[in-house]
Amino acid sequence: MDNCIFCKIINGQVQAEFLHQDDEVTAFFDARPITPIHVLVVPNKHIASVNQLDTSNEGLLGHMIMVARALAFHFHLKESGYRLVINTGPDAGQSVYHLHLHLIGGEPMPFSVKK
Ligand code: 5GP
Ligand code: ZN
């Protein structure tokens, strides 16, 4: 996608601090971290959001989670904990329409999915 910031990061047109890249996914630090560790795990292929996924993407999603898990361990978050978040659509505050998994952690997080 021509005007997608994450496509530009993946293909090297825009700079980001890469933590991992393989045939399927790229992981890099979020430019505006909300926790001490804030990593984005992004499919190399442009997919706008969870809404565009189908069963052929199940392996990709599993891989995104396993890469995020490995990075969580790398950053010593295994015991302290971390969150994996995929914002989807306006109410969730999705701002970049290229699917991405947030790995956030490194301090207690005040908000919760519980009410
Ligand atoms: P969303 O709000 O769509 O769930 O998350 C998008 C994330 O992408 C935000 O946390 C934002 O800080 C991050 N982001 C937006 N533009 C860039 C960029 O150019 N580089 C990096 N590294 N992160 C970005
Ligand atoms: Zn894209």
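Cut-offs used in this document
Residues numbered from 1 in each chain as written. Chains lettered and ligands numbered in written order. Predicted model: local features only at pLDDT ≥ 70, side-chain atom pairs only at ≥ 80, totals over all residues. Heavy atoms only, no water. Donors = N, O, S within 2.8 Å, 3.2 Å for Na, K, Ca; no water. Helix = DSSP H or I, 4+ residues; strand = E, 2+ residues; numbered from the N terminus. Buried < 20%, exposed > 50% of the residue type's maximum accessible area, 1.4 Å probe, protein only. Phe/Tyr/Trp six-rings, centres within 6.5 Å; stacked < 30°, edge-to-face > 60°. Core = buried A, V, L, I, M, F, W, Y, C linked by side-chain atoms within 4.5 Å. Contact = heavy atoms within 4.5 Å.

J.: Which parts of the structure should I look at to understand the coordination of the zinc ion (ligand 2)?
T.: Ideal geometry at a metal centre gives angles of 109.5 degrees when four donors are arranged tetrahedrally and 90 or 180 degrees when six donors are arranged octahedrally. Protein coordination at the zinc ion (ligand 2): the donors are Cys-4 (SG), Cys-7 (SG), His-46 (ND1) and His-98 (ND1), at 2.0 to 2.3 Å from the metal. Every donor residue of the zinc ion (ligand 2) comes from the same chain, spaced as C-x2-C-x38-H-x51-H. With a gap of 39 residues between them, Cys-7 in helix α1 (residues 5-10) and His-46 in the loop between β3 (37-43) and α2 (58-74) connect regions that are remote in the sequence. We classify His-46 as partly exposed; its relative accessible area is 24%.

J.: What is the right way to read the packing of aromatic side chains from this model?
T.: Where two aromatic rings form a pair, the distance of their centres and the angle of their planes describe that pair. For the structure shown, the criterion picks out 3 aromatic pairs. An angle of 75 degrees between the planes, with centres 5.5 Å apart, marks the rings of Phe-6 and Phe-28 as edge-to-face. Of this pair, Phe-6 sits in helix α1 while Phe-28 is found in strand β2 (residues 25-29), placing the two residues 22 residues apart along the sequence. Here the two residues Phe-6 and Phe-28 agree in accessibility, since each one is buried.

J.: Sorry if this is basic, but what is going on with the nonpolar core here?
T.: Taken as a class, soluble globular proteins show a tendency for nonpolar side chains to be buried jointly. The biggest cluster of nonpolar side chains holds 18 residues, and the ones touching the most others in it are Val-39, Val-41, Met-64 and Leu-71. At the level of elements, β2, β3, α2 and β5 (101-105) are the ones that each hand at least two residues to this core. Not counting chain neighbours up to four residues away, the residues in contact with Leu-71 comprise Leu-19, Ala-27, Val-39 and Leu-103. Core analysis: the next-biggest nonpolar cluster, separate from the first, contains 10 residues, Cys-4, Cys-7, Ile-9 and Phe-28 among them.

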